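# What the coordinates show
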Amino acid sequence: MAAKVCQQAIGTFQPESLLKNSKNHQNLRNNSIRLIAKDFSSCNSLSRRADQRNSRIIRSSASQTSVVDPVLSPSRSSRRDSSKKSNEAALILIRHGESLWNEKNLFTGCVDVPLTNKGIDEAIEAGKRISSIPVDVIFTSALIRAQMTAMLAMTQHRRRKVPIIIHNESEQARAWSQIFSEDTKKQSIPVITAWQLNERMYGELQGLNKQETADRYGKEQVHEWRRSYDTPPPNGESLEMCAERAVAYFREQIEPQLSSGKNVMIAAHGNSLRSIIMYLDKLTSQEVISLELSTGIPMLYIFKEGKFIRRGSPIGPSEAGVYAYTRRLALYRQKLDEMY
Ligand SMILES: O=C(O)[C@@H](CO)OP(=O)(O)O
């Protein structure tokens, strides 16, 4: 029975399947704005070098706080498979819930705006949907809407581990946030925050109303700023520039966690996640421009033998098909059923 369930395919990848050819893509143009945007990009690469210095710290924080979950430890009967198990991991992506500026239809970008009540509900609902999927380490952007989403989602997780934000920004922050109990560490999930996962920087559009901007500059121009691949908005980042830093971070910091068998959740933003999905699904720059992500909808991938397998959007904790994606996840859920 379990094997049969394991073989079932799960639902379609619901939230973002609005891929359409966009005429605007053909009209992409090189303009002087890109020069200004390049400066922003070189700032990013300086910061990236500093981040690379910190990457060892991140890896050690993740391993110090996240000890192998006993729920995931192989049972005696399945120990034979343990070498295979280590190279499979779950990857959950969640776009933050609705923010106060989403509600007001304002360009938000890197402005640090919190969730609305609806956004809070969306985050909790997302948490219910993934409440039986293992999470060993969480990555969020540096922005509060993504962090709220991750934390609220984890309040619903059946494993009841505590997500704890890692503060590595200074020696003092590191020292002052140490945990002195190994047992408590085992019941914790490190939350690593990274500016590279931030929303795309929207430049001089930040704070403007989307509709009013379209009325003023024309629908086509605004669509190009919002959904072209390589045309940045004035003094802001194009999707291509956002992808450059988000995907580099994913490859340098997140993929090694997955390779070591850690299950990862990323709470981030429409454009940083579109960039990462472009990498995971090998989308072309033509395909990614029409990819839309809904707020608060989790998306599941399985990382196996160096490949990302897109599994869809978990529907709910009691939806049998959702847990059929891999034998390992089905076993995890079964153990949760037994233990909690
Ligand atoms: O305003 C923003 O930061 C983003 C996401 O809300 O807008 P867009 O839909 O244009 O990507």
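Remember, predicted model here, so these are calculated numbers, not experimental data.

Quick notes on the rules
Residues numbered from 1 in each chain as written. Predicted model: local features only at pLDDT ≥ 70, side-chain atom pairs only at ≥ 80, totals over all residues. Heavy atoms only, no water. UniProt positions renumbered as here; feature names shortened; annotations may be inferred. Buried < 20%, exposed > 50% of the residue type's maximum accessible area, 1.4 Å probe, protein only. Contact = heavy atoms within 4.5 Å. Axes fitted to C-alpha atoms, helices over the stretch in contact; angles between N-to-C directions. Helix = DSSP H or I, 4+ residues; strand = E, 2+ residues; numbered from the N terminus. Parallel < 35°, antiparallel > 145°, perpendicular 65-115°, else oblique. Nonpolar A, V, L, I, M, F, W, Y, C, P; charged D, E, K, R; others polar. Near = heavy atom within 4 Å. Polar contact = N/O pair within 3.5 Å; in protein donor to acceptor, adjacent residues only side chain to side chain. Areas by Shrake-Rupley, 256 points an atom, 1.4 Å probe, with all protein chains shown as cover. Phe/Tyr/Trp six-rings, centres within 6.5 Å; stacked < 30°, edge-to-face > 60°. Lys NZ or Arg CZ within 6 Å of the ring centre and 35° of its normal. Left-handed = near helix turned anticlockwise from the far one by under 90°. Core = buried A, V, L, I, M, F, W, Y, C linked by side-chain atoms within 4.5 Å. Pairing = 2+ DSSP bridges.

### Describing the UniProt feature "site: Transition state stabilizer" (unreviewed entry) in the chain
When the UniProt feature table is mapped onto this chain, "site: Transition state stabilizer" (unreviewed entry) is found at His-269. Look at His-269 and you get buried, because its relative accessible area is 0%. Dropping the residues within four chain positions of it, His-269 is found in contact with Arg-95, His-96, Ser-141, Leu-143, Arg-145, Ala-146, Leu-197, Asn-198, Glu-199 and Arg-274.

### A word on the packing of helix H10 (residues 210-217) against helix H11 (residues 219-227)
The angle between the axes and the distance between the axes are what describe a pair of packed helices. Direction vectors running N to C along H10 and H11 enclose 125°, while the axes themselves pass 6 Å from each other. As summarised for this structure, H10 and H11 are arranged oblique, according to the angle between their axes. Where H10 approaches H11, its residues Lys-210, Thr-213, Ala-214 and Tyr-217 are matched on the opposing element by Lys-219, Gln-221, Val-222, Trp-225 and Arg-226. For the contact of H10 with H11, the per-class residue count stands at 4 nonpolar, 2 polar and 3 charged.

### Things to note about the site of the ligand
Arg-95, Asn-102, Leu-106, Phe-107, Thr-108, Gly-109, Glu-199, Tyr-202, Lys-210, Arg-226, Arg-227 and Asn-271 make up every residue found near the ligand. Take Asn-271: an N or O atom from its side chain is 3.0 Å from an oxygen atom of the ligand. Protein coverage of the free-state accessible area of the ligand, which is 310 Å², stands at 94%. Counted by class, the shell around the ligand contains 3 nonpolar, 4 polar and 5 charged residues.

### Some details on the packing of aromatic side chains
One pass over the structure, following the stated rule, counts 7 aromatic pairs. For the ring pair Phe-250 and Tyr-279, a centre distance of 5.8 Å and an interplane angle of 65° mean the geometry is edge-to-face. Note that Phe-250 is positioned in helix H12 (residues 239-259) and Tyr-279 in helix H13 (residues 270-280), a separation of 29 residues in sequence. On the accessibility criterion, Tyr-279 (25% relative accessible area) is partly exposed. When the ring of Phe-303 is compared with that of Phe-308, the centres are 4.8 Å apart and the planes differ by 50°; the resulting orientation is tilted. For the pair Phe-303 and Phe-308, a shared accessibility class is recorded, and that class is buried. Ring-pair connections join several aromatic residues into one group, and the members of that group are Phe-250, Tyr-279, Phe-303 and Phe-308. Directly above the ring of Tyr-202 sits Arg-200, whose terminal nitrogen or CZ lies 4.5 Å from the centroid.

### Let's talk about the packing of H12 against H13
Remark: H12 packs on H13, axes separated minimally by 8 Å, with the N-to-C direction vectors making an angle of 65°. Taken as axis vectors, H12 and H13 run roughly perpendicular relative to one another. The handedness of the crossing between H12 and H13 is right-handed. For the pair H12 and H13, the contacting residues are Leu-239, Cys-242, Ala-243, Ala-246, Val-247, Phe-250, Arg-251 and Glu-255 in the first and Asn-271, Ser-272, Arg-274, Ser-275, Ile-276, Tyr-279 and Leu-280 in the second. Residue classes in the contact of H12 with H13 are distributed as 9 nonpolar, 3 polar and 3 charged.

### Focus on the nonpolar core
Counting residues in each nonpolar core, the largest one holds 33 residues, and the members touching the most others are Leu-91 and Ile-266. Of all the secondary structure elements, the ones that give two or more residues to this core are strand E1 (88-95), strand E2 (137-140), H12, strand E5 (264-268), H13 and strand E6 (298-304). Per-element tally for this core: the top contributor is H12, with 6 residues. Not counting the four nearest positions on each side in its chain, Ile-266 is found in contact with Leu-91, Ile-92, Leu-93, Ile-94, Phe-139, Leu-197, Phe-250, Ile-254 and Leu-273.

### Some thoughts on the environment of Tyr-340
With respect to the element layout, Tyr-340 can be found in the segment after helix H15 (327-339). Distance from Tyr-340 to Thr-108, taken between C-alpha atoms, is 40 Å for residues 232 residues apart in sequence. Among the polar contacts listed, one links the side chain of Tyr-340 to the side chain of Arg-159, at a separation of 2.6 Å.

### Some thoughts on the side chain of Ser-132
Mapping Ser-132 onto the fold places it in the loop between helix H6 (117-129) and E2. Given a relative accessible area of 0%, Ser-132 falls into the buried group. Within polar-contact distance, the side chain of Ser-132 engages the side chain of Arg-158 at 2.8 Å.

### Comments concerning the sheet that holds strand E4 (residues 188-193)
An order of E3-E4-E2-E5-E1-E6-E7 is seen for the 7 strands of this open sheet, with the pairing classed as mixed. In the strand order of this sheet, the two ends are held by strand E3 (162-165) and strand E7 (307-312), each with one partner. Taking the axes of each pair of neighbouring strands and ignoring which way they run, one obtains an average angle of 25° across the sheet.

### Brief notes about unusual backbone geometry
Even without glycine at this site, Asn-235 takes up a positive phi of about 60°. Turning to its location among the elements, Asn-235 is positioned in the loop between H11 and H12. The class for Asn-235 is partly exposed, based on a relative accessible area of 29%.

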